[in-house]
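One letter stands for each residue in the lines below.
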Amino acid sequence: MVDAAEAERRRIERDLHDGAQQRLLAVTLTLSRARSRFDRDPRGARELLDEAQAEAKEVMEELREVARGLHPRVLTDHGLEAALPVAAGRSPVPVKVEVDLEGRPSPRAEGVAYYVASEALTNVAKHARASSARIAVRRVAARRGAVLEVKVSDDGAGGADPERGTGLYGLWDRLDAVDGRLEVRSPEGGGTVLTAEIPWEA
């Protein structure tokens, strides 16, 4: 669990450093250029201010994306049925979402399921070269008690392998922390099917 938390901290740090921090630096530089032009080129200074304002708005949106990735408000308020379509809508790959649940699992189970689905979609976008993906979530009876099953599939290139840095290690760590289980089927050229089982009352 500690390892999973540390990996998540590093991911957030990386997202902020590579994204928002670099863009805020660009805003600062643009504002400095605008300031230096106020007296000799007021029109050019105004254009630079407009550019900085637009960039600042994009940074705000990027920060919101990071915050939503932690634990979106819609998940807390309305559960996976409402939250997963939002996550799917941010994916550059078209995603079909199917949620078949009677009631809601524990908040921790919901959080892990959302993380798994979001991270799997990120992997699809980065590595799969897929034209479509699908998320299917349901409650499944098991010997050890009910589990929340999250299945993410795509029609991409397959060959997902944690040894090649596809992000699967992070998913395994997160599921291990709640005694969950992860199975990945990804034949070369045959797409990828990722199935996570999370204890209903994790």
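All values reported here derive from a predicted model rather than from experimental measurement.

**Student:** Please give an account of the overall build of the protein that cites residues and values.
**Tutor:** Scanning the protein from terminus to terminus reveals six helices and five strands. Order of helices (α) and strands (β) in the protein, N terminus to C terminus: α-α-α-α-β-α-β-β-α-β-β. Looking at the protein as a whole, 39% of its 202 residues qualify as buried. Contacts in the protein between residues far apart in sequence, at least 24 positions, make up 67% of those at least 6 positions apart.

**Student:** Just give me the short version of the side chain of Asp154, but keep the residues and values in it.
**Tutor:** In this fold, Asp154 is placed in strand β3 (residues 147-154). Excluding its chain neighbours within four sequence positions, the residues that come into contact with Asp154 are Val124, Ala128, Ala130, Ser132, Ala133, Gly191 and Thr192.

**Student:** Go over the packing of helix α4 (residues 80-89) against helix α5 (residues 107-128), please, and point to the residues and values.
**Tutor:** The N-to-C vectors of α4 and α5 enclose an angle of 20°; their axes lie 10 Å apart at closest approach. It follows that α4 is roughly parallel to α5 by the angle criterion. Crossing of α4 over α5 shows right-handed handedness. In contact with Leu80, Ala83, Leu84, Ala87 and Ala88 of α4, α5 contributes Glu110, Ala113, Tyr114, Ala117, Ser118 and Leu121. A class-by-class count of the residues in the contact of α4 with α5 yields nine nonpolar, one polar and one charged.

**Student:** Can you break down the packing of aromatic side chains residue by residue, with the values?
**Tutor:** Taken as a whole and judged by the stated rule, the model has zero aromatic pairs. Over the ring of Trp200 we find Arg139; its NZ or CZ atom is 4.5 Å from the centre of that ring. Positioned above the aromatic ring of Tyr115 is the side chain of Arg174, whose terminal nitrogen or guanidinium carbon lies 3.8 Å from the ring centre.

**Student:** Tell me about the sheet that holds β3, and name the residues and values.
**Tutor:** Strand order across the open sheet formed by five strands is β1-β2-β3-β5-β4, with mixed pairing between neighbours. The open sheet has two edge strands with one neighbour each: β1 (95-100) and β4 (181-185). Taken pair by pair, the neighbouring strands of this sheet meet at an average axis angle of 10°, ignoring direction. Alignment of β1 against strand β2 (residues 133-140), held across six bridges, turns out to be parallel. Note that in β2 the partner of Glu98 across the bridge is Ala136. Its contacts with the sheet place α5 against β1, β2, β3 and β5 (192-199), and it is angled at close to 10° to β3. Each of β4 and β5 is contacted by helix α6 (residues 168-176), which is oriented at about 155° to β4, the strand it contacts most.

Cut-offs used in this document
Residues numbered from 1 in each chain as written. Predicted model: local features only at pLDDT ≥ 70, side-chain atom pairs only at ≥ 80, totals over all residues. Heavy atoms only, no water. Helix = DSSP H or I, 4+ residues; strand = E, 2+ residues; numbered from the N terminus. Buried < 20%, exposed > 50% of the residue type's maximum accessible area, 1.4 Å probe, protein only. Contact = heavy atoms within 4.5 Å. Axes fitted to C-alpha atoms, helices over the stretch in contact; angles between N-to-C directions. Parallel < 35°, antiparallel > 145°, perpendicular 65-115°, else oblique. Left-handed = near helix turned anticlockwise from the far one by under 90°. Nonpolar A, V, L, I, M, F, W, Y, C, P; charged D, E, K, R; others polar. Phe/Tyr/Trp six-rings, centres within 6.5 Å; stacked < 30°, edge-to-face > 60°. Lys NZ or Arg CZ within 6 Å of the ring centre and 35° of its normal. Pairing = 2+ DSSP bridges.

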